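Topology and contacts: notes
Given next are the chains, with one letter for each unit.
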Amino acid sequence: RAVAPLHPVAVQCQEAQLVVTVHRDLFGTGRLVRAGDLSLGSASCLPVSQNPAEGTVTFVAGLHECGSTLQMTPDSLIYKTSLSYKPTPSGNLVIVRTNPVVVPVECHYPRKSNVSSKAIQPTWAPFRSTLSAEERLMFSLRLMNDDWSTERVSNGFQLGESLHLQADVSSEGHIPLRLFVDDCVATLSPDRNSSPRYAFIDLGGCLVDGRADDTTSAFISPRPRQETLQFVVDVFKFAGDDRNLIYITCHLKVFPADQAPNPRNKACSFNKASSLWAPVEGTGDICSCCETGNCPLYG
């Protein structure tokens, strides 16, 4: 709305910032407030310009600046801040002649609109949510029951049992993605770089624990869906250590599902019957580096 004493605060909600124009006749009495007594947001940002002829001051702030907050509804992104007027004493330092004022300021933006993805193919496909472009992929790694139907309630195991691990990614708004596990490391502390450490998946998707003579560790094939990868690892403990707790840290990643797996993006198990490495999907040659250890750099 036009700036006038009847509507002394006007807000423009722009693409990446908001512009607040304040008439210094804030109370419509003809008495102008001091520009220095006006501020924006919890960070108390000051005006960026004044217009003495019109008796206005202007604030310009990025949507995330000056202590603004973000509220999300099913249909809108709402950025909230406030305009504050805090009168300081003048002349007689004991009194003021106006009350402090806090004016709520909001900018509403629709969450759903058309977005072109031509500039960022093939990472994204056309989608109808501007928010999806900003969200991070949601990865999870869970201990499952032996039949994979539900998450395992207990994380206690006996030697001789098997861990049923399931990695997932939520990829709503993206092109179809295939999940891979680059590596998994077991340690005695939450620090994956601590010692001792045992990498049972390594080299960008080789389940190296299955190469040992006395194990049956392997990826489950076929996958239940492209965004899920299941694998079984025989229970182990660190030699010479009596602690009954180990930490497992895995690096998960995604790859476009319409692209063929390759030596960088693979899930390979060792088949003891054939003495060969075999992928969950793709041609057998992508797993050859699991035997030589010369897999391409990954991360």
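All values reported here derive from a predicted model rather than from experimental measurement. Residue numbers here run from 1 along each chain, matching the order of that chain's written sequence. pLDDT decides what is reported in this predicted model: residues at 70 or higher carry local features, side-chain atom pairs at 80 or more are listed and counted, and totals for whole chains, interfaces and linings draw on all residues regardless. As a rule here, side-chain values cover all heavy atoms of the structure and leave hydrogens and water aside.

Residue P196 is bonded to the preceding S195 through a cis peptide linkage, with omega at 0°. Within the secondary structure, P196 sits in the loop between β11 (177-187) and β12 (197-201). Cis rather than trans, the peptide bond between S221 and P222 has omega equal to 0°. Only DSSP runs of H or I covering at least 4 residues are called helices, and only runs of E covering at least 2 are called strands; the numbering of each starts at the N terminus.

Quick look at the side chain of Q166 now. Looking at the element boundaries, Q166 is found in strand β10 (residues 162-170). Classification of Q166 as buried rests on a relative accessible area of 3%. We define a polar contact as two N or O atoms separated by no more than 3.5 Å, with the added condition that, inside protein, one atom must be a possible hydrogen donor and the other a possible acceptor, whereas residues neighbouring each other in sequence contribute only through side-chain atom pairs. At 3.0 Å, the side chain of Q166 and the side chain of D168 are in polar contact. A distance of 2.8 Å separates a polar atom in the side chain of Q166 from a polar atom in the side chain of Q230. Any pair of residues with heavy atoms lying within 4.5 Å of one another is described as a contacting pair. Discounting chain neighbours no more than four positions away, the residues touching Q166 are S140, L141, R142, M144, W148, R225, T228, L229 and Q230. Buried means the residue's accessible area, taken with a 1.4 Å probe over protein chains only, is under 20% of the maximum for its type, while exposed means over 50%, and partly exposed covers the values in between.

Further remarks concern the pairing of strand β1 (residues 9-13). Strand pairing requires that DSSP identify at least two bridges connecting the strands. In this sheet, strand β2 (residues 17-23) lies alongside β1 in antiparallel orientation, the contact comprising 5 bridges. Counterpart to A10 in the pairing with β2 is T21. Remark: 3 residues form the turn of the hairpin made by β1 and β2, two consecutive strands paired antiparallel.

Attention now goes to the confidence of the model for the chain. As a per-residue measure, pLDDT tells how confident the predictor is, with possible values from 0 to 100. On average, residues of the chain score 85 in pLDDT, and 85% of them are at 70 or above. Averaged pLDDT values over the elements of the chain bottom out at 86 in strand β6 (residues 69-72) and peak at 98 in strand β13 (residues 218-219). Confidence drops under a pLDDT of 50 for residues 115-134, and excluding neighbours within four residues, the segment shows 33 contacts in the predicted structure.

The subject of this paragraph is the sheet that holds β12. Pairing in this open sheet of 3 strands is antiparallel, and the strands run β12-β11-β15 from one edge to the other. At either margin of the open sheet sits one strand with a lone partner, and together these are β12 and β15 (247-256). Adjacent strand axes in the sheet meet at a mean angle of 20° when their direction is disregarded. Lines fitted to the C-alpha atoms define the axes, with helices restricted to the stretch that makes contact. Angles between their N-to-C directions range from 0 to 180 degrees.

Tracing the backbone through its elements, the reader meets I248 in strand β15. Residue class for I248 comes out partly exposed when judged on its relative accessible area of 29%. For the pair I248 and R197, spaced 51 residues apart in the sequence, the C-alpha separation amounts to 9.8 Å. With residues near it in sequence (within four places) discarded, I248 still touches L163, V185, A186 and F200.

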